[in-house]
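# Summary of structural features
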Amino acid sequence: MHGSRIAAIGHYQPARVLTNEDLADMVDTSDEWIRTRVGIHTRHIAGPDEPVDELAAHAAAKALAAAGLGPADIDLVLVATSTAIDRSPNTAARVAARLGIPGPAAMDINVVCAGFTHALATADHTIRAGAATRALVIGAEKMTDVADWSDRSTCVLVGDGAGAAVVEACAPEQEPGIGPVLWGSVPEMGHTVRIEGTPPRFAQEGQSVYRWATTRLPAIARQACERTGIAPEDLAGLVLHQANLRIIEPLAEKIGAVNAVIARDVTESGNTSAASIPLALSKLVEQGALPTGAPVLLFGFGGNLSYAGQVIHCP
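Here's a quick rundown of the structure. Position numbers for residues start from 1 in each chain and track the written sequence from start to end. Per-residue local features of the predicted model are confined to residues with pLDDT of at least 70, and side-chain atom pairs are confined, for both listing and counting, to 80 or more; whole-chain, interface and lining totals are unaffected and use all residues. By convention in this description, side-chain values take in all heavy atoms of the structure and omit both hydrogens and water.

Our focus in this paragraph is the pattern of salt bridges. Salt bridge, as used here, is a side-chain nitrogen of Lys or Arg placed within 4 Å of a carboxyl oxygen of Asp or Glu. The full count for this structure, using the stated rule, is 12 salt bridges. Salt-bridge contacts for Asp-145 lead to Lys-142; the nearest nitrogen and oxygen are separated by 3.9 Å. Three exposure classes are used, based on accessible area relative to the maximum for each residue type with a 1.4 Å probe and protein chains only: buried under 20%, partly exposed in between, and exposed over 50%. Classification of Asp-145 by relative accessible area gives partly exposed; the value is 33%. One salt-bridge network, held together by shared partners, links Arg-5, Arg-134 and Glu-168.

Here you go:
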């Protein structure tokens, strides 16, 4: 009942890098066109023998190692993903099997680009309720499996990868390290971001998403800060869903996080959907860009149109 905290974080990306020049050989586009419109330079691409659960397990193993824990210390596995091909066993169960985690509750959460922040809140609530003591919370996507490689407006966006956090109960004397979540959706606009069909394909109405993200979301993100009792200007870090640099930069400015380190991992990783926030946070931690314990706003948004955000203490 004393809250939870992120004890450690880790990430994983496939070895293959797809550049803008590579894409220009595949579809009618150019490096200048892509950089100007979305700010992406490169993205990582998983091979046909690298399923989503493998990406997730690599990131989770790194987070466990960083926390100094073993598989038997975990009793809950949550995987945020919208690109797993199989329905059962779910991705969380397959990750648990890969890592040798004995008998955890194992669930997938599909809230697309806001999946990780939804899963993080779910882990926090579960631990607060006493139903778990230590969780692996993972965002993992293989967006290239659902890309339409003939659509230059979307195929230039996507990349593959995973990020994972170990979330554990706080001691009674510790301040909670995960703040209250602010979450919701605009279901009547869910058609603006889609992964539909057989085979499933990613499509979106880019201008509608841009207007929604840059006009509606700043106030919601500020409210997430208010729920933790912190002003945006006191944030040390801001990790938004890495959708598009043209969305991230105006959104960050309107939130008012003037002193924060702003994650811009989209430039080298592309849009990795539910993986983007833990992937970007893990890189900032690895680089020493954020001090341990510093307040960081995580804010996911996108498909459904869903959003979820909370202030955390940096691991």
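When a strand is regular, its side chains alternate between the sheet's two faces. Each helix is a run of DSSP H or I of at least 4 residues and each strand a run of E of at least 2, with the numbering of both proceeding from the N terminus. Burial within strand β4 (residues 76-80) is extensive, with 5 of its 5 residues counted as buried. For crossovers, right-handed means that the path from the first strand over the helix to the second runs clockwise, given strands pointing away from the viewer. A crossover connection joins β4 to the parallel strand β5 (residues 105-109) through helix α4 (residues 91-99); in handedness this β-α-β unit is right-handed. Pairs of strands are assigned from DSSP output, requiring at least two bridges between the strands. Across 5 bridges, the pairing between β4 and strand β6 (residues 134-142) is parallel. Bridge pairing in β6 places Ala-80 opposite Gly-139.

This part takes up helix α9 (residues 245-255). Looking only at α9, the buried set comprises Leu-245, Ile-247, Ile-248, Leu-251, Ala-252 and Ile-255. The buried residues of α9 occupy one face: seen down the axis, they fall within an arc of 155°. Taking the helix axis as origin, the arc is that swept by the directions to the C-beta atoms.

A few words on the packing of aromatic side chains. Centre distance within 6.5 Å is the pairing criterion for rings of Phe, Tyr and Trp, where only the six-membered ring of Trp is used; planes under 30 degrees apart are then read as stacked, over 60 as edge-to-face, and the remainder as tilted. The final tally for this structure, using the stated rule, is 2 aromatic pairs. Centroid distance Trp-212 to Phe-301: 6.5 Å. Interplanar angle 65°. Geometry classified as edge-to-face. Residue Trp-212 is found in helix α7 (residues 206-215), and its partner Phe-301 is found in strand β13 (residues 295-302); the two are separated by 89 residues along the sequence. On the basis of relative accessibility, which here comes to 1%, the residue Phe-301 falls in the buried class.

Right, let's get into the nonpolar core. By convention a nonpolar core is built from buried Ala, Val, Leu, Ile, Met, Phe, Trp, Tyr and Cys residues, the set being connected through side-chain atoms within 4.5 Å. Among the nonpolar cores identified, the biggest contains 48 residues, and Leu-217, Leu-238, Leu-240, Leu-297, Phe-299 and Phe-301 are the most heavily contacted of them. Looking at this core, the elements with two or more residues in it are α2 (31-38), α7, α8 (217-228), β11 (237-240), α9, β13 and β14 (306-313). Looking at this core element by element, the count peaks at 6 residues for α9. Contacts are assigned to residue pairs that have any heavy atoms within 4.5 Å of one another. Residue contacts for Phe-301: discarding those within four places in its chain leaves Cys-113, Ala-114, Trp-212, Ala-213, Leu-217, Leu-240, His-241, Ala-243, Ile-247, Leu-251, Ser-306 and Tyr-307. Of all hydrophobic cores here, the second largest spans 31 residues; its members include Ile-127, Val-137, Ala-280 and Leu-290.

So yeah, pure geometry; function would need other evidence.
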